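Residue-level structural notes
Here is how the chains run, residue by residue.
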Amino acid sequence: MTIKPLPALVLVLLAAGCAQQVAHSTPSPSAQSGVRISGAGELVVYDRALAPAGARASATVDSAAGGTLSSLNVEGFLPGRVYGAHLHTNACGAEPDDAGPHFQHDHGQVTKDSEVWLDMKTDAEGAGRAGARHGWALAPGHAPRSLVVHAEPTKADGTAGARVACLTLE
């Protein structure tokens, strides 16, 4: 019996089929997340002294039955400064209060376990990052709509000073 080599096109098609099988058998993190909300770009700024022109942010919230992972990256803020940051219930607006109160998983519970606190210290270039993990998942129709950067780090009672800037999440 003589074995003939497979034409190159057949090998390419077989390889593509295998790659496709692997891709379908291992869902991406966003496919597993259940709910993903995010926002990126320039902010609605309420205090230019603390969020200079060009200040930008990106935030992502991935939530599934196993929990919720939130992340924040900022750049163009004042260097070497600590800012508080929280997820809020409403989209950003022209006024700081338009973003509503802090998002709470357990309504009425002002704790770092029920709310998402993403405080960060900026580096020498004004960039900072923060992340938080929670053991709960976002409920359908109950998700934060914005991320607000505050003037001060978050205190035990959940306060963090004036609202400096806001990023709408979708």
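Data block above holds the structure.
1. Some words on the nonpolar core
Residues Leu43, Leu72, Phe77, Leu87, Leu118, Met120 and Leu147 are the most contacted members of the largest nonpolar core, which totals 29 residues. If you list the elements that add at least two residues to this core, you get strand S3 (56-64), strand S4 (67-75), strand S5 (82-88), strand S7 (128-134), strand S8 (146-150) and strand S9 (163-168). Ignoring sequence-local partners within four residues, the contact set of Leu118 consists of Ser70, Leu72, Ala85, Ala130, Gly131, Ala132 and Leu147.

2. Here's the deal with the pairing of S4
Relative to S4, S3 is paired through nine bridges, and the arrangement is antiparallel. Along S4, the bridge assignment pairs Arg56 with Glu75. Joining the antiparallel neighbours S3 and S4 is a turn of two residues. The pairing of S4 with S7 spans seven bridges and is classified as antiparallel. Counterpart to Leu69 in the pairing with S7 is Arg133.

3. Some remarks on the pattern of salt bridges
Summed over the entire model, instances satisfying the criterion amount to two salt bridges. The shortest N-O distance in the salt bridge between Asp62 and Arg36 comes to 2.6 Å. Residue Asp62 is found in strand S3, and its partner Arg36 is found in strand S1 (residues 35-42); the two are separated by 26 residues along the sequence. Relative accessible area serves as the criterion here: at 17%, Asp62 is assigned to the buried category. Residues Glu152 and Lys155 are paired through a salt bridge, measuring 2.8 Å at the closest nitrogen-oxygen approach.

4. Section: the side chain of Ser146
You can see Ser146 is positioned in strand S8. There is a polar contact of 2.7 Å between the side chain of Ser146 and the backbone oxygen of Asn90. Among all residues touching Ser146, those that are not within four sequence positions of it are His86, Leu87, His88, Asn90, Ala91, Cys92, Ala99, Cys166, Leu167, Thr168 and Leu169.

What counts and what doesn't
- Residues numbered from 1 in each chain as written.
- Predicted model: local features only at pLDDT ≥ 70, side-chain atom pairs only at ≥ 80, totals over all residues.
- Heavy atoms only, no water.
- Core = buried A, V, L, I, M, F, W, Y, C linked by side-chain atoms within 4.5 Å.
- Buried < 20%, exposed > 50% of the residue type's maximum accessible area, 1.4 Å probe, protein only.
- Helix = DSSP H or I, 4+ residues; strand = E, 2+ residues; numbered from the N terminus.
- Contact = heavy atoms within 4.5 Å.
- Pairing = 2+ DSSP bridges.
- Salt bridge = Lys/Arg side-chain N within 4 Å of Asp/Glu carboxyl O.
- Polar contact = N/O pair within 3.5 Å; in protein donor to acceptor, adjacent residues only side chain to side chain.

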